[in-house]
Number of protein chains: 2
Amino acid sequence: MNDAALKPIGLFDSGMGGLTVFKALAQRLPEEDLLYLGDTARLPYGTKGRDTIIRYTLKAAQHLVDLGVKMLVVACNTATSAALPTLREHFAPLPVMGVVEPGARAATTTSRNGHIVVIATEATITGGAYQQAITRIRPDAIVTGRACTLFVPLAEEGWMDGPLVEGIARRYLGDIFNTPGQTMPHAPAPDTLLLGCTHFPLLQGALQNVVGAKVHIVDSAATTAKDIAQELQRVHLLRHNDTPGKYTFLTTDNTARFAKTGSIFLGRHLNENEVSLVDL
Amino acid sequence: MNDAALKPIGLFDSGMGGLTVFKALAQRLPEEDLLYLGDTARLPYGTKGRDTIIRYTLKAAQHLVDLGVKMLVVACNTATSAALPTLREHFAPLPVMGVVEPGARAATTTSRNGHIVVIATEATITGGAYQQAITRIRPDAIVTGRACTLFVPLAEEGWMDGPLVEGIARRYLGDIFNTPGQTMPHAPAPDTLLLGCTHFPLLQGALQNVVGAKVHIVDSAATTAKDIAQELQRVHLLRHNDTPGKYTFLTTDNTARFAKTGSIFLGRHLNENEVSLVDL
């Protein structure tokens, strides 16, 4: 193992959602040091212009690079869609991973009949990054996109299951999954639901109840973690160690709020003193 | 009527919520020209630091002042809490009105038994501006604050009534209004609900169903409009005219989204070409 393999992996998100990627990565590669930066002062990115998102993302990524990471993970759909090519060019040869490609690839592999539903924020659906990534890999796929705006605040509030959450999910997705013949008469009923927002894995149980047990749910956090492990293996940067990895959390605003909401995403208590404030 | 009375009233908000104040004002003073500026590029203000909020608010207010307004209305709870004194000092003798005082005053007048529940965003509740304003006016008042985070995205999504909305409201407020004896054994059951967020008047019908018909709901948008009319009268700046006022909408980001969500708030179709983009 070379020295570079000992460095941490840097994850970046506009806020908290990327912590689902963090959690999936910590489960898959427990020996890796992880450095998470949430740019909470400037969230949400989803409603901002492309140039602004690229500028913010470059700044945050530079901060992680200056701290000496061996890989950059853009754990944010909006930032991935807008800034991934720019980041790869700017920081080459540092490996830079996004969340869109792994999710899209996993969905195309999972779906049998080729009808994939992508749910995400309004900005991600309107931008079409998942739709494009899926049809690039599988040109015959039918992709139905649906913005599920309320899922983000629901997850941040920690309301993850129960009749209310399912009721909201049914209002967004009922026509697609419960009466697909009426909504899309010329397409087969969708067999795959791709969670195209890093917040949504928190609602997975409720979503499964609404779309039915036969529909496969593809969680882009889990698939991204898998792709990260493969890429680290490929470039010989996997850490082989017996000791558990060290975790560092950085935020650009309000460490108390980060700790509170972060605890929901990580599924464990995050103490405010584990979170440091940085100024970008 | 002097020339100054012919100038427009300038309303400012971090986003769309202030449009409920706009609508209430247009109903009360239909002959006034109204100029609305929503700083959507930098919302939400609620999670930002006080100095940042003051800086943003000063910049937006300056833009309205440069356009020649006769009065500034801060149609945003967060900006009112953080920046009202600074704005009044900076732009004196221009009249500057906020939303907190009118709402607090109306609630203290409405409540018979003095137990007032304020609902607002997390930032507003944590900041305590309403709680302070109410007890300043009525020192014996009991004020219960409750952050209702999901109400903002619900209103922006246009989900304003029905069992889902009432279910969410019941989850936030059920313990206070339905079992007050258990929750607060030493206080009388609250008789007044103050909507301390400019988004919340959209949910008023659903909220009334949840809290019960006996509870008075005080809408700070309506009470602010009433106070504005009184203040304009006092300083001799009321416009007396037979022609309906002209309305101008300015936003710092995404005119299409402003028009779409704005239509929900105004209760009428707002065309994208009625909205202009400004750079602050």
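Chemist: Tell me about the overall build of chain A, and please be specific about residues and values.
Modeler: In terms of helices and strands, chain A carries twelve helices and ten strands. By its C-alpha atoms, chain A is 55 × 40 × 40 Å across when sized along the principal axes. A burial count over chain A gives 58% of its 280 residues as buried. Here the contacts in chain A between residues at least 6 apart in sequence split such that 75% fall between residues at least 24 apart. Accessible area of chain A: about 11500 Å², with a carbon and sulfur share of 51%. Averaging the locations of the 25 positively and 26 negatively charged side chains of chain A gives two centres separated by 4 Å.

Chemist: Could you give an account of unusual backbone geometry, with specific residues and numbers?
Modeler: Across the junction of alanine 92 of chain A and proline 93 of chain A, the peptide omega takes the value 5°, indicating a cis bond. Within the fold, proline 93 of chain A resides in the loop between α3 (77-91) and β4 (96-97). Even without being glycine, asparagine 254 of chain A reaches a positive phi, approximately 60°. Relative to the elements of secondary structure, asparagine 254 of chain A occurs in the loop between β9 (247-251) and α12 (255-266). Of note in this structure, histidine 236 of chain B is not a glycine but carries a positive phi near 60°. Positionally, histidine 236 of chain B belongs in the loop between α11 (220-234) and β9 (247-251).

Chemist: Can you lay out helix α2 (residues 50-66) of chain B for me, pointing to particular residues and giving the numbers?
Modeler: Residue and element names in this part refer to chain B. A rise of 1.5 Å per residue sets the reference length of α2, with its 17 residues, at 24 Å; its end C-alpha atoms lie 24 Å apart and thus fit the reference within 8%. Among the residues of α2, Ile53, Ile54, Tyr56, Thr57, Ala60, Ala61 and Leu64 are the ones counted as buried. Projection of α2 onto a plane perpendicular to its axis shows the buried side chains occupying an angular sector of 165°, all on one side. Among the exposed residues of α2, those pointing more than 90 degrees away from its buried face are Asp51, Arg55 and Asp66. Where α2 is buried, its residues meet β1 (9-13), β2 (34-38), β3 (71-74) and α3 (77-91). Immediately beyond the C-terminal end of α2, within one or two residues, lies glycine 68, with a positive phi of roughly 85°.

Each value, and the rule that gives it
- Residues numbered from 1 in each chain as written.
- Chains lettered and ligands numbered in written order.
- Predicted model: local features only at pLDDT ≥ 70, side-chain atom pairs only at ≥ 80, totals over all residues.
- Heavy atoms only, no water.
- Helix = DSSP H or I, 4+ residues; strand = E, 2+ residues; numbered from the N terminus.
- Buried < 20%, exposed > 50% of the residue type's maximum accessible area, 1.4 Å probe, protein only.
- Contact = heavy atoms within 4.5 Å.
- Areas by Shrake-Rupley, 256 points an atom, 1.4 Å probe, with all protein chains shown as cover.
- Lys, Arg positive; Asp, Glu negative; His and termini not counted.
- Charge placed at Lys NZ, Arg CZ, Asp CG, Glu CD.
- Expected span 1.5 Å × (residues − 1).
- Arc of directions from axis to C-beta.

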